Amino acid sequence: MKTPSASNTARQSPSRRFRLVGLGGTFDILHKGHEVLLRKALAVGDRVQIGVTSDRFVKQMKKPHNVHPYSVRVEGIRRFLRNEDALERTEIVAIEDEYGTATMSPVMEALVVSKERFRVARRINKLRRDSGLQPLELIEAQMILAEDRRPISASRIRKGEITRTGEITEKWSRRKA
């Protein structure tokens, strides 16, 4: 089997299904962008491993805002997966760095990432190659924009700019007027 290189790695949903797909993130406030990422992984993977940043790793990241505790973030993901009837196909693991288990898993075949994290995914594949593992197929999930054409993010939701679905809040639109 031919090893995919960084240049021929898929950026869109491949037509084949993978046995195990990974993805990761903080998932502070589960929003429409997270849902698209999770659904993409579920669409291409028989099983999905979801890496969620541990509380310790969140502290190291020095985010400019508070982040919900790990248990709260995981419960939000589990609730979403139950609603999608996909909980039994997933495993949620704590990650202690930006690579999670993707650099060392011999059974993971693909990684679903947002455009902003594609650079990290390429580093993961370099580390995998350096350690003798096959690189992962990289699948880019569509970046979801809010009504103002800027990405939906937990920090914007926390500031009160947008809702979880990307709508501009009344409070924010009055402030900008």
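These notes cover the structure that comes with them. Since the structure is predicted, the reported quantities are computational estimates derived from the model, not experimental observations. (Residues numbered from 1 in each chain as written. Predicted model: local features only at pLDDT ≥ 70, side-chain atom pairs only at ≥ 80, totals over all residues. Heavy atoms only, no water.)

## Notes on the overall build of the protein
Looking only at helices and strands, one finds six helices and five strands in the protein. Secondary structure of the protein in N-to-C order comes out as β-α-β-α-α-β-β-α-β-α-α. Every one of the 177 residues in the protein was classed for burial, and the buried ones make up 46%. By sequence separation, contacts in the protein at least 24 residues apart represent 67% of the contacts at least 6 residues apart. Carbon and sulfur atoms form 50% of the exposed surface of the protein, whose accessible area is close to 10,100 Å². (Helix = DSSP H or I, 4+ residues; strand = E, 2+ residues; numbered from the N terminus. Buried < 20%, exposed > 50% of the residue type's maximum accessible area, 1.4 Å probe, protein only. Contact = heavy atoms within 4.5 Å. Areas by Shrake-Rupley, 256 points an atom, 1.4 Å probe, with all protein chains shown as cover.)

## Digging into the pairing of strand β5 (residues 137-141)
Taking burial as the measure, the five residues of β5 include five buried ones, the bulk of the element. Residues E137, I139 and A141 point to one face of β5 and L138 and E140 to the other, with burial holding for every one of them. Note that strand β4 (residues 110-114) and β5 share five bridges and pair parallel. Bridging from a neighbouring strand, A110 pairs with E137 of β5. (Pairing = 2+ DSSP bridges.)

## Some remarks on the nonpolar core
Counting residues in each nonpolar core, the largest one holds 23 residues, and the members touching the most others are L23, F27, I50, I77, L81 and V112. Contributions of two or more residues to this core are made by β1 (18-25), α1 (32-44), β2 (45-53), α3 (70-83), β4 and β5. Of the residues forming this core, the biggest block, five residues, is contributed by α1. In contact with I77, other than residues within four places in its own chain, are F27, L30, I50, V52 and I92. (Core = buried A, V, L, I, M, F, W, Y, C linked by side-chain atoms within 4.5 Å.)

## Here we look at the sheet that holds strand β3 (residues 90-95)
Taken together, five strands build an open sheet; the order of strands is β3-β2-β1-β4-β5 and the sheet is parallel. Among the strands making up the open sheet, the edge pair consists of β3 and β5. On average, each strand axis in the sheet is tilted by 25° relative to the strand beside it, whichever way the strands run. (Axes fitted to C-alpha atoms, helices over the stretch in contact; angles between N-to-C directions.)

## Some points on helix α4 (residues 118-130)
Between its first and last C-alpha atoms α4 spans 19 Å; for 13 residues at 1.5 Å apiece the expected length is 18 Å, and the two agree. Those residues of α4 lying buried are F118, V120, A121, I124, N125 and R128. Along the axis of α4, the buried residues cluster in a sector spanning 155°; they form a single face. Looking at the buried side of α4, the elements it contacts are β4 and β5. (Expected span 1.5 Å × (residues − 1). Arc of directions from axis to C-beta.)

## With respect to the layout of surface pockets
Its boundaries defined by the atoms lining it, the largest pocket holds a volume of some 980 Å³. Lining of the largest pocket is provided by 47 residues; of these, G24, G25, T26, E116 and R117 occupy positions nearest its centre. Put simply, the parts of the chain that give the lining of the largest pocket at least two residues each are β1, α1, β2, α2 (55-61), β3, β4, α4 and α5 (154-158). Partitioned by chemical class, the residues of the lining of the largest pocket number 24 nonpolar, 17 polar and six charged. (1 Å grid on protein atoms, 1.4 Å probe; cavity = no way out; pocket = protein on both sides within 12 Å on 5 of 7 lines; lining within 4 Å. Points joined across faces, edges and corners; volume = space filled by probe spheres on them. Nonpolar A, V, L, I, M, F, W, Y, C, P; charged D, E, K, R; others polar.)

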